[in-house]
Amino acid sequence: MELHLDTPVEALPGVGPARAGHLARLGLATVGDLLGYFPRDYEDRRAGSTIAAAPPDRPVCLTLMAAEPPRLSRIRKGLELVKLRMVDDTGSLNVTFFNQSYLKEALHPGEYYICYGTVEGPPGRRQMTNPVCEPAGRARFTGCILPVYPLTRGISNNLLAGLTRRCAEACAGQVEEALPPELRHRYELAGVEFAYRNIHMPADEQALESARRRLIFEELFQLTCGMALLRSRRDRARGIRFSTPPVEHFLALLPFALTGAQRRAMAEIAADTASGAPMNRLVQGDVGSGKTMVAAYGAWLAAASGVQCALMAPTELLAEQHMRSLAPLLERAGIRTGLLTGSVKGRARRQLYAALEAGELDLVIGTHALLSEGVCFRELGLVITDEQHRFGVAQRARLAAKARQTPHVLVLSATPIPRTLALIIYGDLDVSVIDELPPGRTPVETYVVGEDKRQRMYGFVRKLVGEGRQVYVVCPAVEEGEGGDGLKAAVAYAETLRAEVFPELRVGLVHGKMKSRDKDAVMSRFAAGELDVLVSTTVIEVGVDVPNAALMVVENADRFGLSQLHQLRGRVGRGKHQSYCVLVSDTRSAASRERLRVLSKTTDGFKIAEEDLKLRGPGDFFGQRQHGLPQLSIADLAGDMRVLKQAQQAAEELLAADPGLTRPEHAPLLERVRRLFAEHGEMFN
Ligand code: ADP
Ligand code: MG
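The rules behind these values
Residues numbered from 1 in each chain as written. Chains lettered and ligands numbered in written order. Predicted model: local features only at pLDDT ≥ 70, side-chain atom pairs only at ≥ 80, totals over all residues. Heavy atoms only, no water. UniProt positions renumbered as here; feature names shortened; annotations may be inferred. Near = heavy atom within 4 Å. Polar contact = N/O pair within 3.5 Å; in protein donor to acceptor, adjacent residues only side chain to side chain. Core = buried A, V, L, I, M, F, W, Y, C linked by side-chain atoms within 4.5 Å. Buried < 20%, exposed > 50% of the residue type's maximum accessible area, 1.4 Å probe, protein only. Helix = DSSP H or I, 4+ residues; strand = E, 2+ residues; numbered from the N terminus. Contact = heavy atoms within 4.5 Å. Domains from an automatic or database assignment. Expected span 1.5 Å × (residues − 1). Arc of directions from axis to C-beta.

- Looking at an unreviewed UniProt entry, one finds the protein named ATP-dependent DNA helicase RecG and attributed to Flavonifractor hominis.
- The Sequence similarities (unreviewed entry) field of the UniProt record for the protein holds the comment "Belongs to the helicase family. RecG subfamily."

A look at the site of ligand 1
- By nearness alone, 16 residues border ligand 1, and Ala257, Gly288, Lys291, Thr292 and Arg441 come closest of all.
- Interatomic distance of 2.6 Å between a backbone N/O atom of Gly288 and an oxygen atom of ligand 1.
- Residue Thr292 places a side-chain N or O atom 2.6 Å away from an oxygen atom belonging to ligand 1.

Considering the nonpolar core
- By size, the foremost hydrophobic cluster in this structure holds 41 residues, and its most contacted members are Phe250, Trp300, Leu330, Leu363, Leu382, Ile384 and Leu410.
- Residue assignment for this core shows that the elements contributing at least two residues are α9 (260–274), α10 (291–304), β12 (308–312), α11 (316–331), β14 (363–366), β15 (380–386) and β16 (408–413).
- The dominant element in this core, judged by the number of residues it contributes, is α10, at 9 residues.
- For Phe250, the contacting residues outside a window of four places in its chain are Leu258, Met266, Met293, Ala296, Tyr297 and Trp300.
- Judged by nonpolar contacts, the second largest core, of 35 residues, contains Leu146, Leu159, Ala168 and Tyr196.

Comments concerning the domain arrangement of the protein
- Here the protein is described as being made up of domain 1 (1–46 + 145–175), domain 2 (51–143), domain 3 (247–434) and domain 4 (445–602).
- Computed over C-alpha atoms, the centres of domain 1 and domain 3 are 47 Å apart.

Comments concerning helix α12 (residues 346–358)
- Compared with an ideal rise of 1.5 Å per residue, which puts 13 residues at 18 Å, α12 spans 18 Å between its outermost C-alpha atoms and is within 8% of the ideal.
- All of the buried residues along α12 are Arg349, Leu352, Tyr353, Ala355 and Leu356. Axial view of α12: buried residues confined to an arc of 165°, hence all on one face. Projecting away from the buried face of α12 at angles above 90 degrees are the exposed residues Arg347 and Arg350.

Quick look at the structure:
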């Protein structure tokens, strides 16, 4: 039967309703889906050899003749062996198959087979166990580079490899070429048919490499184009035009002078919101750079323009912190602020809802609770999300959907992201960078120490607490055995510190498996100075402001990314006291130590992020799938930085010539971009 890209998988030989169901779990419904289901790895099964010459340590393909009828023996229930002697010109070999009793009937003396496996034993007693065995001349899974696919229950790799091969043979030529020819020529990219054939059935390494490069390039190229289209669509949308009262009136509310970088970001926000198009701006600034004041300015502008503002923070604690610092300040400008978190319940919550809907509140600060159905605004004009990487694009969009007219969006992030990646993650946002810290901060002194200095480190903790300061101790695991042996686990370690090391100190514990209510309670006690030492996991990474905390100890520091350590370190050095960060690591790897030392040399978050990128790849930034990007099927952003840069350049050039991808020759590309962003359909209509 003839296959087409939209032929359902059930039409393929060997696929009945049950297998079709399993394939559906992998998102595979049609021949086209199978073609686009890329291998996660390859196994090179090309090496050929002979019985005499086969190496002892790696699998090879042997062409063998069955020298006798196979013998079936049942060792015990659940263990059946099929054994036979096979030969070639150089010798003979005993082959054993486990639990494949059907082979007793399938292998015939005098016929030739390809066996792929490792030959063991000395000459004269050569043997092979469980080789892949196929009739010579009809070999499908031997003598080739075999693709290895991500699997699911009920679907074997051989089945998938067989299906994708069938589809690639029949339909690779039917996939429309979505990359313009000049572009393919300029970046030396393989054609689409070649790419789909060789990704599933590589002719050789070179063919595989160029197939992969083409497909990765294509995916990143489409992603970049999609981001650019989102941005241009937004530029055309109508936004609420804010008025811009003299900034001095805002500055007069503050207890300190703002930094130049804060002022620049504010000017950009004022220009965006007055432009008539909706703002979509990211304010990126290192921990402690004063992003909250920039957000306050946004809320002030909104109020001055007669519309409401919502500020969403990732935790209750942070929302409360913002409430404490912003509400009194803005009140002096007549701005009425409310707090909405999960803990606001019953009558208080109903009153808040009513006040928001009636326009009796100008600013609401809260958590995810802001997304609740009951939350209605009279006129929402500005949406601010703090610590963006905790929220996805979709959540931002959900809050924005509560507005009648496209609201302005402001995103605050402390994650310093190198430029290339920022284009991918925040491609639809304009960026303001706050690259200056408020004056009077003394940089955190950072030390990398080994296990041998542990007692001294404990002594240092006692000394600082004796001076009235507080201390964070961060562990890589919650419970013992998690993440690997020898890692400090917060629960047990807190107990040890409490009972044995610091019996005289007040030691608290907070970790990610606790209920957020309990977590917040412990954090509040720490913030109120009722705890001296806080043992935790990385839950304290985000935005908490306890100025009296002057020491951050990180256990098994080599287990963390540099950017993450930098975020953790940002929890101290927020007050007037000299602060310290001690990175405890017993790693013997010189490279790991060198990596950690970067932190003792610089406090520049961007430099540290670049260094992280060089050393570890961008995995850190993409660790959580919370960035709201479409799922990529082949491009691994960790390994494909060079291709990413080229794809970005190509997208920029193409869009300069055809900004909306409206030219007829770009129709296939536009279609592919739409599909890539399918989960964000609403953004494209
Ligand atoms: P982040 O950018 O990490 O969110 P915050 O906005 O929490 O930083 O600011 C950190 C601390 O610095 C807060 O206590 C804030 O009041 C203070 N701060 C912000 N801007 C300035 C400034 N220009 N001068 C002095 N202190 C400032
Ligand atoms: Mg902050």
